Amino acid sequence: GAGVSQSPRYKVAKRGQDVALRCDPISGHVSLFWYQQALGQGPEFLTYFQNEAQLDKSGLPSDRFFAERPEGSVSTLKIQRTQQEDSAVYLCASSTVAGGQETQYFGPGTRLLVL
Amino acid sequence: QKEVEQNSGPLSVPEGAIASLNCTYSDRGSQSFFWYRQYSGKSPELIMFIYSNGDKEDGRFTAQLNKASQYVSLLIRDSQPSDSATYLCAVRLIRGNQFYFGTGTSLTVIP
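Residues numbered from 1 in each chain as written. Chains lettered and ligands numbered in written order. Predicted model: local features only at pLDDT ≥ 70, side-chain atom pairs only at ≥ 80, totals over all residues. Heavy atoms only, no water.

A. Up close: the interface of chain B and chain A. Facing 19 residues of chain B, the contacting portion of chain A comprises 24 residues. At the boundary of chain B with chain A, total buried surface from both sides reaches about 1800 Å², with 52% on carbon and sulfur atoms. Its largest share of buried area at the contact with chain A, chain B owes to B:Asn97, B:Gln98 and B:Phe99, together 28% of the area lost on that side. The interface formed by chain B and chain A contains zero salt bridges. Within the residue set of the side of chain B that touches chain A, elements represented by two or more residues are strand 4 (30–38), strand 5 (45–50), strand 9 (85–93) and strand 10 (99–101) of chain B. With four residues, strand 4 of chain B is the single largest residue contributor to the side of chain B that touches chain A. By residue class, the composition of the side of chain B that touches chain A is nine nonpolar, eight polar and two charged. (Contact = heavy atoms within 4.5 Å. Buried area = accessible area lost by both parts, 1.4 Å probe. Salt bridge = Lys/Arg side-chain N within 4 Å of Asp/Glu carboxyl O. Helix = DSSP H or I, 4+ residues; strand = E, 2+ residues; numbered from the N terminus. Nonpolar A, V, L, I, M, F, W, Y, C, P; charged D, E, K, R; others polar.)

Right, dumping it as structure tokens:
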């Protein structure tokens, strides 16, 4: 595709509800990242995939957060038993090597509000 | 100590002036450095990256890297109102795959 796409763009969840956020990376991009961005803050790293392998999940804030990329393309970030502190924008980025450096391209984000 | 520090601003400059944005980082193992622009309610978009000491120019933008002092800056020449946004500095470490972002500097260019 032309760029990274994410769905849904907006999600309102009741506290305790499970949510699933989807990311479609740029075609051919091997690497995929998930970030959480709170209001007024920079993106905070959550997890990283290279193809279908989750190589780094050190940024996931709790065991309620789970991410997968089973076929090395589309990725899903799942949050179980959502809490109010999970309210944030969740950004997905895919990356490629350009000019000798790996550069990331972000999707539009999913804005999650937990009531 | 955060990996990446930025002055949150706001920074205001008149149209046509040079805007100077600064970023410091804590890990000497940082490998490459990125500047992103983020408009309100939008996702970050890459402006440029730098990984060697010195200056790198791209149009009205110049990134400067000083590894000894652990800082990276972004200069925007001939600032335009459309440059008004939050500018995020990001670094990538040699180890691992993480990109660390600063909190961003809010820039307003006054017509």
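B. View of the sheet that holds strand 8 (residues 71–76) of chain B. All names here are of chain B. The sheet built from five strands is open, its strands ordered 1-3-8-7-6 with antiparallel pairing. Looking at the sheet topology across the chains shown, the edges are occupied by strand 1 (4–6) and strand 6 (54–58). Strand-to-strand twist of the sheet, defined as the mean angle between neighbouring strand axes without regard to direction, takes the value 20 degrees. The sheet contact formed by strand 7 (residues 61–66) and strand 8 spans six bridges and is antiparallel. Across the sheet, alanine 63 pairs through a bridge with leucine 74, a residue of strand 8. (Pairing = 2+ DSSP bridges. Axes fitted to C-alpha atoms, helices over the stretch in contact; angles between N-to-C directions.)

C. Looking closely at the state of the cysteines. All names here are of chain A. With the rule as written, the count across this model stands at two disulfides over all chains. A sulfur-sulfur separation of 1.9 Å characterises the disulfide bridge that pairs cysteine 23 with cysteine 92. The sign of the -65 degrees torsion about the S-S bond sets the cysteine 23-cysteine 92 disulfide as left-handed. Within this pair, whereas cysteine 23 is found in strand 3 (residues 19–24), its partner cysteine 92 is found in strand 9 (residues 88–98), the two being separated by 69 residues in sequence. (Disulfide = S-S within 2.5 Å.)

D. Spotlight on the side chain of A:Arg64. Residues and elements named next belong to chain A. With respect to the helices and strands, the residue arginine 64 is situated in the loop between strand 6 (53–56) and strand 7 (65–68). A polar side-chain atom of arginine 64 sits 3.2 Å from the main-chain carbonyl oxygen of arginine 81. Ignoring sequence-local partners within four residues, the contact set of arginine 64 consists of Lys78, Ile79, Gln80, Arg81, Thr82, Gln83 and Asp86. (Polar contact = N/O pair within 3.5 Å; in protein donor to acceptor, adjacent residues only side chain to side chain.)

E. Focus on the nonpolar core. Ranked by internal contacts, the top residues of the largest apolar core, which has 23 residues, are B:Trp35, B:Val72, B:Leu74, B:Ile76 and B:Tyr87. If you list the elements that add at least two residues to this core, you get strand 3 (19–25), strand 4, strand 5, strand 7, strand 8, strand 9 and strand 11 (105–110) of chain B. (Core = buried A, V, L, I, M, F, W, Y, C linked by side-chain atoms within 4.5 Å. Buried < 20%, exposed > 50% of the residue type's maximum accessible area, 1.4 Å probe, protein only.)

F. Highlighting the packing of aromatic side chains. For the structure on display, the rule yields 14 aromatic pairs over all chains. Ring geometry for B:Phe34 against B:Phe49: centres 6.0 Å apart, planes inclined by 45 degrees, an arrangement best described as tilted. Here B:Phe34, found in strand 4, pairs with B:Phe49, found in strand 5; they are 15 residues apart in sequence, far enough to count as distant. One exposure class covers both B:Phe34 and B:Phe49, and it is buried. When the ring of B:Phe49 is compared with that of B:Tyr51, the centres are 6.3 Å apart and the planes differ by 15 degrees; the resulting orientation is stacked. By relative accessible area, B:Phe49 is classed as buried at 10%. Three or more aromatic residues joined by ring pairs make a cluster, and in this case those are A:Phe33, A:Tyr35, A:Phe45, A:Tyr48, A:Phe106, B:Phe34, B:Tyr36, B:Phe49, B:Tyr51, B:Phe99 and B:Phe101. Positioned above the aromatic ring of B:Phe61 is the side chain of B:Arg60, whose terminal nitrogen or guanidinium carbon lies 5.5 Å from the ring centre. (Phe/Tyr/Trp six-rings, centres within 6.5 Å; stacked < 30°, edge-to-face > 60°. Lys NZ or Arg CZ within 6 Å of the ring centre and 35° of its normal.)

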